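Descriptive analysis of the structure
The lines below spell out each chain.
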Amino acid sequence: PFDAGVGVSELYRLSLSHVGASPAPLELDAGRGVYRDVYPSTDVTFGASAERLEWAYTLRDDKAPHRFELAVALPKQLQKVRADALGGLEFVDGTDTALLRMPRAMAIDAAGARRDVRLSWDGKAVAVEVDLTGLSYPIVIDPAIETAVWQQRVAFPPGRNAHATVWDTVRKRVLMFGGASGGTT
């Protein structure tokens, strides 16, 4: 099992478990966690950032499955799951606000061909499924869970006042210089 959530609060943390997976030891590879042969001819690789948890199913040959199921335990504050307009899933709170989402996943084969992956929710589990017809092995499928709440990353510069501007005829742009930050007067 693994967890994904908003911040550190358990009230907004999903617990997911791969249904039918075989136990495998964790290997670290370039900062990612790799579990080999979790399914027939399939490795699962995990990578994470502060806002996103991504895992990749690497299907080595035609013995690999085309469908994966993840049992999901919803926390108290995330009460339902709904499909979004782009083929992903949203985990929403009691005010119907999406706090976590699984964006539409993609499969990429050895030749670089891409195919959409179907994500579905049955009330207890997320299914990740792809039609492998015509794709060349190995194939990578890349589901993820990410925060759906917008976070400001950069402070916008304050307004300027008492500044001067001039047209630069060589560079063909307006230059602003001098003045002071803040205020609107």
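Just above, that's the structure.
Residues numbered from 1 in each chain as written. Predicted model: local features only at pLDDT ≥ 70, side-chain atom pairs only at ≥ 80, totals over all residues. Heavy atoms only, no water.

Focus on the overall build of the chain
A tally of helices and strands in the chain yields 0 helices and 19 strands. Intrachain contacts of the chain at a sequence separation of at least 6 include 46% that bridge at least 24 residues. On the chain, roughly 11100 Å² of surface is accessible, and the fraction owed to carbon and sulfur atoms is 54%. (Helix = DSSP H or I, 4+ residues; strand = E, 2+ residues; numbered from the N terminus. Contact = heavy atoms within 4.5 Å. Areas by Shrake-Rupley, 256 points an atom, 1.4 Å probe, with all protein chains shown as cover.)

As for the nonpolar core
Trp55, Tyr57, Phe91, Val128 and Ile141 are the most contacted members of the largest nonpolar core, which has 35 residues in total. Among the elements that make up this core, the one with the highest residue count is strand S6 (residues 52-59) (4 residues). In this structure, Val128 is in contact with Tyr57, His66, Arg67, Phe68, Leu70, Val117, Arg118, Leu119, Ile141 and Pro143, ignoring residues within four places of it in sequence. (Core = buried A, V, L, I, M, F, W, Y, C linked by side-chain atoms within 4.5 Å. Buried < 20%, exposed > 50% of the residue type's maximum accessible area, 1.4 Å probe, protein only.)

Considering a nonpolar patch on the surface
Together, Val166, Leu175 and Phe177 give the surface a local cluster of nonpolar side chains, amounting to about 250 Å² of exposed area. Its place among the elements puts Val166 in strand S17 (residues 164-168). (Patch = residues over 30% accessible without salt bridge, like charges linked within 9 Å, V, L, I, M, F, W, Y side chains within 5 Å. Salt bridge = Lys/Arg side-chain N within 4 Å of Asp/Glu carboxyl O.)

A few points about the pairing of strand S9 (residues 89-92)
Neither face of S9 is exposed, since Leu89 and Phe91 on one face and Glu90 and Val92 on the opposite face are all buried. Where strand S8 (residues 80-83) meets S9, 4 bridges bridge the pair, whose relative direction is antiparallel. In the strand pairing of S9, Lys80 is matched with Val92. As judged from the 4 bridges shared by S9 and strand S10 (residues 98-102), these two strands associate in the antiparallel manner. (Pairing = 2+ DSSP bridges.)

A look at the packing of aromatic side chains
Summed over the entire model, instances satisfying the criterion amount to 4 aromatic pairs. With 6.0 Å between their ring centres and 90° between their planes, Tyr35 and Phe46 make a pair best called edge-to-face. Taken as a pair, Tyr35 in strand S4 (residues 32-39) and Phe46 in strand S5 (residues 42-48) lie far apart in primary sequence, 11 residues in all. The class for Tyr35 is partly exposed, based on a relative accessible area of 26%. Taking 5.1 Å as the distance between ring centres and 65° as the angle between the ring planes, the aromatic pair formed by Tyr39 and Phe68 counts as edge-to-face. Residue Tyr39 is found in strand S4, and its partner Phe68 is found in strand S7 (residues 67-73); the two are separated by 29 residues along the sequence. Here Tyr39 falls in the buried class, since its relative accessible area comes to 7%. Given the relative accessible area of 1%, Phe68 is considered buried. Grouped by ring-pair contacts, the aromatic residues Tyr35, Phe46 and Trp55 constitute a single cluster. (Phe/Tyr/Trp six-rings, centres within 6.5 Å; stacked < 30°, edge-to-face > 60°.)

Observations concerning the environment of Glu69
With respect to the secondary-structure elements, Glu69 resides in strand S7. Looking at Glu69, the relative accessible area reads 25%, which means it is partly exposed. Expressed as a C-alpha distance, the spacing of Glu69 and Trp121, which sit 52 residues apart in the sequence, is 9.7 Å. If we ignore the near neighbours within four places in the chain, the residues touching Glu69 are Ser17, His18, Val19, Tyr39, Ala125, Val126 and Ala127. There is a polar contact of 3.3 Å between the side chain of Glu69 and the side chain of Arg67. (Polar contact = N/O pair within 3.5 Å; in protein donor to acceptor, adjacent residues only side chain to side chain.)

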